[in-house]
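Here are the chains, one letter per residue:
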Amino acid sequence: MSGKDRLPIFPSRMALTNMKSRLKGAQKGHSLLKKKADALTLRFRQVLAKIIETKVLMGEVMKEASFSLAEAKFACGDFNHIVVQNVTKASCKVKSRKENVAGVNLPVFEHYSDGTDSYELTGLSRGGQQIDKLKKNYGKAVELLVELASLQTSFVTLDEVIKITNRRVNAIEHVIIPRIENTLSYIITELDEREREEFYRLKKIQEKMKQLRAKAEKDKIARMAESEEAGSLLDDGEDDDLLFT
Amino acid sequence: MSISELYYNVDNGYLEGLVRGFKGGILRQTDYLNLIQCETLEDLKLHLQSTDYGTFLANEPSPLTVSVIDDKLKEKLVVEFQHVRNHAYEPLSTFLDFITYSYMIDNIILLITGTLHQRAISELIPKCHPLGSFEQMEAVNIAATPAELYNAILVDTPLAPFFQDCISEQDLDEMNIEIIRNTLYKAYLEGFYKFCQEMGGATADVMCPILAFEADRRAIIITINSFGTELTKDDRAKLYPRCGKLFPDGLAALARADDYDQVRAVSDYYAEYRLLFEGAGNNPGDKTLEDRFFEHEVELNVYAFMQQFHFGIFYAWVKLKEQECRNIVWIAECIAQGQRGKIDSYIQILE
């Protein structure tokens, strides 16, 4: 919004000190948030580079794995259905844990294998070696996939948090601080004006007092000229206030 | 009982002629060279149209995938085989049944595994190999354990004698499914070998070496693949079929072997197997041992066509067609995945 808005408060010296401390707080918050945003952006770029690398590697690994599947099928015939029918529970599992980066919780997936290999004897009479190779290749592919999954979730989460943080930084920089500064300058102008008004009022009153004194002097001299009496000590007008000399 | 050359054609002449015709249509070297130069699967389909396969892929919607090609190739072989089987008299029909038993074993293992894990029977039936179907297939899911399965259903199938020879009721429950499969296969091979021997004549001459090689090949490969697994040496020895050249000394030596080199040392005593090991290796660019075994099997099967008036040609034709299917699927996979490096690792069948 335009820089003309300011907080509606009554301009007083206490309000001035309050505003000053608020400004300081806003500036500190701004620099802290900027640091957070920078740390997150750095991590973001690292994750991005890693994702590109992993995706390229993934393409190659998958290609090799499909090819070893073709080789195993050539040597062993159709073992597909037996393997699928024999499945009971997963032997490759994934567990997730949280990692804290500059205050953001990123999920990280880890792959672990649970239980023994129940397909040791598949292809015992033909194609066993190719099936072994196939198992290894696909195992590698699954591990890579898990890694890629955790990288992508961190990418998405980081992206969101960075957007939010940057929004806050910009808000403080372009809205909050100018507003406080405007309020501060308004208070200062108001206080100055009040002082000036005070000063003017005082000057006016001084002038008025001087006029009154001048008139009183003149009256006294006129009276003395008429009566030619010595004035008495007790008669001598009032004492002027010491303030307005 | 030997089939005299004089009377063979009475019952089996038509079928032998048919099968020799099929053999004539097996892809040659030039066909394979054409296929490996294809850029896409559509090109492959085009090239196959000029071979014996004709327009078998004509009605498939594009885009063509490798699994569709695989299914169609199998279907063609199944149709041809069933035609031959339907026209066969004894003893050819028993011989052809023996050929289907190996597929039946695979199907039964699949059904047992599926039933044990409570899959619906309707999911499992389409996955069975059509050449190995038997009447009681649908009834397999009423049994909850393999032992019950045997008592209720398998005892009526032609595979019952193979179960009887080697597996007892509690074995069925405890054994790993692969061990059951290999034990059954061993009994099957030995039964088939005995049948061919009894037939005598040219059939025995041709089939017995082929089956002996198959038995030895299984023994060697089982040994090599069992290194590093939980299979004990005794269990392993029980899986070796005894109808090969390696019986009895070679098998005993294999049962004691601990690593690849010892297996190789055992096969060095047998001339042909030594040659096979020499050509094989695990470095990239070498043929694997399995490839060498495939090549030798193909050689033996091609020799079967040199003689006439025997049943070996039927077995050889089925095996050669299967190998051809595998070759075509391999080439198709290499094209589809863009890995042209190993595209010529198919097994060459005929010149």
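Residues numbered from 1 in each chain as written. Chains lettered and ligands numbered in written order. Predicted model: local features only at pLDDT ≥ 70, side-chain atom pairs only at ≥ 80, totals over all residues. Heavy atoms only, no water.

Side note on the overall build of chain B
Put simply, the rule is: Runs of H or I in DSSP of at least four residues are treated as helices and runs of E of at least two as strands, each being numbered from the N terminus. When we talk radius of gyration, it's over C-alpha atoms, and the globule rule is simply 2.2 Å times the number of residues to the 0.38. Buried residues are those whose accessible area, probed at 1.4 Å on protein chains only, stays under 20% of the maximum for their type, while exposed residues exceed 50% and partly exposed ones sit between those limits. Contact definition: two residues touch when any of their heavy atoms are within 4.5 Å.
Of regular secondary structure, chain B possesses 17 helices and zero strands. Relative to the compact-globule value of 20 Å for 351 residues, chain B shows a C-alpha radius of gyration of 21 Å, a close match. Each principal axis of the C-alpha atoms in chain B carries an extent, and together these give about 55 × 50 × 45 Å. Residues counted as buried form 56% of the 351 residues belonging to chain B. Taking all contacts inside chain B whose residues are at least 6 apart in sequence as the whole, residues at least 24 apart take part in 64%.

Things to note about the pattern of salt bridges
Inclusion rule: Here, a salt bridge means any side-chain nitrogen of Lys or Arg that lies within 4 Å of a carboxyl oxygen of Asp or Glu.
Going through the model one piece at a time under the given rule, you end up with 25 salt bridges over all chains. Its salt-bridge partner being Asp114 of chain A, residue Lys93 of chain A comes within 2.5 Å of it at the nearest N-O pair. Of this pair, Lys93 of chain A sits in strand S1 (residues 92-101) while Asp114 of chain A sits in the loop between strand S2 (104-113) and helix H3 (128-227), and the two are 21 residues apart along the sequence. Looking at Asp114 of chain A, the relative accessible area reads 27%, which means it is partly exposed. Note that Lys321 of chain B is salt-bridged to Glu324 of chain B, the shortest N-O span being 3.4 Å. On the criterion of helical spacing, the pair formed by Lys321 of chain B and Glu324 of chain B is a turn pair, its members being three residues apart in helix H17 (residues 312-337).

What about helix H10 (residues 177-199) of chain B?
Our working definition: Here the expected length of a helix is defined as 1.5 Å per residue gap, with one fewer gap than residues.
The terminal C-alpha atoms of H10 of chain B, which comprises 23 residues, lie 33 Å apart, in line with the 33 Å expected from a rise of 1.5 Å per residue. Among the 23 residues of H10 of chain B, 20 are classified as buried, and the element is accordingly described as predominantly covered.

Brief notes about the packing of helix H4 (residues 66-86) of chain B against helix H5 (residues 92-116) of chain B
Residues and elements named next belong to chain B. Note the cut-off: Comment: axis = line fitted to C-alpha atoms, over the contacting stretch for helices; angle = value between 0 and 180 degrees taken between N-to-C directions. Here roughly perpendicular refers to angles of 65 to 115 degrees, roughly parallel to angles under 35, roughly antiparallel to angles over 145, and oblique to all remaining angles. Ten residue types, Ala, Val, Leu, Ile, Met, Phe, Trp, Tyr, Cys and Pro, are classed as nonpolar, four, Asp, Glu, Lys and Arg, as charged, and the remainder, Gly among them, as polar.
Where H4 contacts H5, the two axes come as close as 9 Å, and the packing angle between them is 150°. The angle between H4 and H5 places the two elements in the roughly antiparallel class. Across the interface between the two elements, Phe81, Val84 and Arg85 from H4 touch Ser93, Leu96, Asp97, Ile99 and Thr100 from H5. Tallied by class, the residues present in the contact of H4 with H5 amount to four nonpolar, two polar and two charged.

So, unusual backbone geometry
A cis amide bond links Glu90 of chain B with the next residue in sequence, Pro91 of chain B, at an omega value of -10°. A cis geometry characterises the amide bond from Phe247 of chain B onward to Pro248 of chain B, with omega recorded as -5°. Even without glycine at this site, Ala102 of chain A takes up a positive phi of about 50°. The partly exposed category is assigned to Ala102 of chain A, whose relative accessible area is 37%. Positive phi, normally seen in glycine, also occurs at Phe309 of chain B, with a value near 65°. Looking at where Phe309 of chain B falls in the secondary structure, it is placed in the loop between helix H16 (289-303) and H17.

Observations regarding the packing of aromatic side chains
Here is the rule we go by: Two rings belonging to Phe, Tyr or Trp (six-membered ring only in the last case) form a pair when the distance between their centres is within 6.5 Å. Interplanar angles under 30 degrees mark stacking, angles over 60 mark edge-to-face geometry, and anything in between is tilted. Our definition puts a charge over a ring when NZ of Lys or CZ of Arg is within 6 Å of the ring centre and also within 35 degrees of the ring normal.
Going through the model one piece at a time under the given rule, you end up with 25 aromatic pairs over all chains. Geometrically, the ring pair formed by Tyr32 of chain B and Tyr346 of chain B is stacked, given 4.6 Å between the ring centres and 25° between the ring planes. Placement of Tyr32 of chain B in helix H2 (residues 29-36) and of Tyr346 of chain B in the segment after H17 is noted, with a sequence separation of 314 residues between them. Over the aromatic face of Tyr112 of chain A sits the side chain of Lys95 of chain A, whose NZ or CZ is 4.8 Å from the ring centroid. Sitting over the ring of Phe305 of chain B, Lys23 of chain B keeps its end group 5.2 Å from the ring centre.

Examining the interface of chain B and chain A
Using the following cut-off: Any pair of N or O atoms that falls within 3.5 Å is considered a polar contact. Within protein, one atom must be able to donate a hydrogen and the other to accept it, and sequence-neighbouring residues count only if both atoms are side-chain atoms.
The interface is formed by 45 residues belonging to chain B together with 28 residues belonging to chain A. For the pair chain B and chain A, the interface holds two salt bridges. Viewed at the interface, chain A and chain B are joined by five residue pairs in polar contact (both at pLDDT 80 or more). The set of elements that each furnish at least two residues to the side of chain B that touches chain A consists of H5, H10, helix H11 (201-225), H16 and H17 of chain B. The element best represented in the side of chain B that touches chain A is H17 of chain B, accounting for seven residues. In terms of residue class, the side of chain B that touches chain A is made up of 15 nonpolar, 17 polar and 13 charged.

Some points on the state of the cysteines
By definition, a disulfide links the sulfur atoms of two cysteines through a covalent bond. Convention followed: We call a pair of cysteine sulfur atoms a disulfide when they lie within 2.5 Å.
Scanning all chains against the criterion turns up zero disulfides over all chains. Its sulfur unpaired, Cys196 of chain B is 5.6 Å from the next cysteine sulfur, which belongs to Cys208 of chain B.

What to know about the packing of H2 of chain B against H17 of chain B
Residues and elements named next belong to chain B. For clarity, the cut-off: Each crossing gets its handedness from the near helix: less than a right angle anticlockwise from the far helix is left-handed, clockwise is right-handed.
Between H2 and H17, the shortest axis-to-axis distance is 10 Å and the interhelical angle comes to 20°. One element, H2, and the other, H17, form an angle in the roughly parallel class. Of the two possible hands of crossing, H2 and H17 adopt the one that is right-handed. Residue-level contacts link Tyr32, Leu35 and Ile36 of H2 to Glu324, Asn327, Ile331 and Ile335 of H17. When grouped by side-chain class, the residues that make up the contact of H2 with H17 number five nonpolar, one polar and one charged.

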